[in-house]
Amino acid sequence: KRRGPKKKKMTKARMERFKLRRMKANARERNRMHGLNAALDNLRKVVPCYSKTQKLSKIETLRLAKNYIWALSEILR
């Protein structure tokens, strides 16, 4: 036996609302990822890097930025 509320039948109107909600959620996620990628590109431009030809991955960029900030704060001490 299934627990929890029973699933309602998918009428045509419910299916349309469901599709519209998914499209809006997908668009929001796409915009979020575009913003995140743009921010990472800007971060790649200001963090010193060894290779100019190969693009750093997201995690490499964040790690390098963290280490760069740490090094700069050590210099200030």
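Residues numbered from 1 in each chain as written. Predicted model: local features only at pLDDT ≥ 70, side-chain atom pairs only at ≥ 80, totals over all residues. Heavy atoms only, no water.

Taking an unreviewed UniProt entry as the reference, the protein is identified by name as NDF1 factor belonging to Alca torda.

K.L.:
Whenever I open this one, the environment of cysteine 49 confuses me. Can you help?
P.N.:
Inspection of the secondary structure puts cysteine 49 in the loop between α1 (12–46) and α2 (58–76). Looking at cysteine 49, the relative accessible area reads 25%, which means it is partly exposed. Separated by 16 residues in sequence, cysteine 49 and alanine 65 have C-alpha atoms that sit 9.8 Å apart. If we ignore the near neighbours within four places in the chain, the residues touching cysteine 49 are Leu56 and Leu64. (Helix = DSSP H or I, 4+ residues; strand = E, 2+ residues; numbered from the N terminus. Buried < 20%, exposed > 50% of the residue type's maximum accessible area, 1.4 Å probe, protein only. Contact = heavy atoms within 4.5 Å.)

K.L.:
Where do I start with a nonpolar patch on the surface in this structure?
P.N.:
A surface patch of nonpolar side chains, about 260 Å² in accessible area, is lined by Met10, Met15 and Phe18. As for its placement among the helices and strands, methionine 15 is situated in helix α1. (Patch = residues over 30% accessible without salt bridge, like charges linked within 9 Å, V, L, I, M, F, W, Y side chains within 5 Å. Areas by Shrake-Rupley, 256 points an atom, 1.4 Å probe, with all protein chains shown as cover. Salt bridge = Lys/Arg side-chain N within 4 Å of Asp/Glu carboxyl O.)

K.L.:
It is not clear to me how the pattern of salt bridges should be interpreted in this structure. Could you clarify?
P.N.:
Two side chains bearing opposite charge may form a pair once their charged atoms approach each other closely. Overall, the coordinates contain 3 salt bridges when judged by the stated rule. Linking aspartate 41 and arginine 44 is a salt bridge whose minimum nitrogen-to-oxygen distance equals 2.7 Å. Of this pair, aspartate 41 and arginine 44 both sit in helix α1, 3 residues apart, roughly one helical turn. Given a relative accessible area of 33%, aspartate 41 falls into the partly exposed group. Residue classification places arginine 44 among the buried positions, given a relative accessible area of 17%. Glutamate 74 is the partner of arginine 77 in a salt bridge, and the nearest nitrogen-oxygen pair spans 2.9 Å.

K.L.:
Where do I start with the packing of α1 against α2 in this structure?
P.N.:
The geometry of a pair of packed helices is captured by two quantities: the angle between their axes and the separation between those axes. Two elements in contact, α1 and α2, have axes separated by 10 Å at closest approach and are oriented at 45°. Relative to α2, the element α1 is oriented oblique. Helix-helix and strand crossings are classified by hand; for α1 and α2 the assignment is left-handed. Counting all contacts with α1, which are made through Met33, Asn37, Leu40, Leu43, Arg44 and Val46, the residues of α2 involved are Lys58, Thr61, Leu62, Ala65 and Tyr68. (Axes fitted to C-alpha atoms, helices over the stretch in contact; angles between N-to-C directions. Parallel < 35°, antiparallel > 145°, perpendicular 65-115°, else oblique. Left-handed = near helix turned anticlockwise from the far one by under 90°.)

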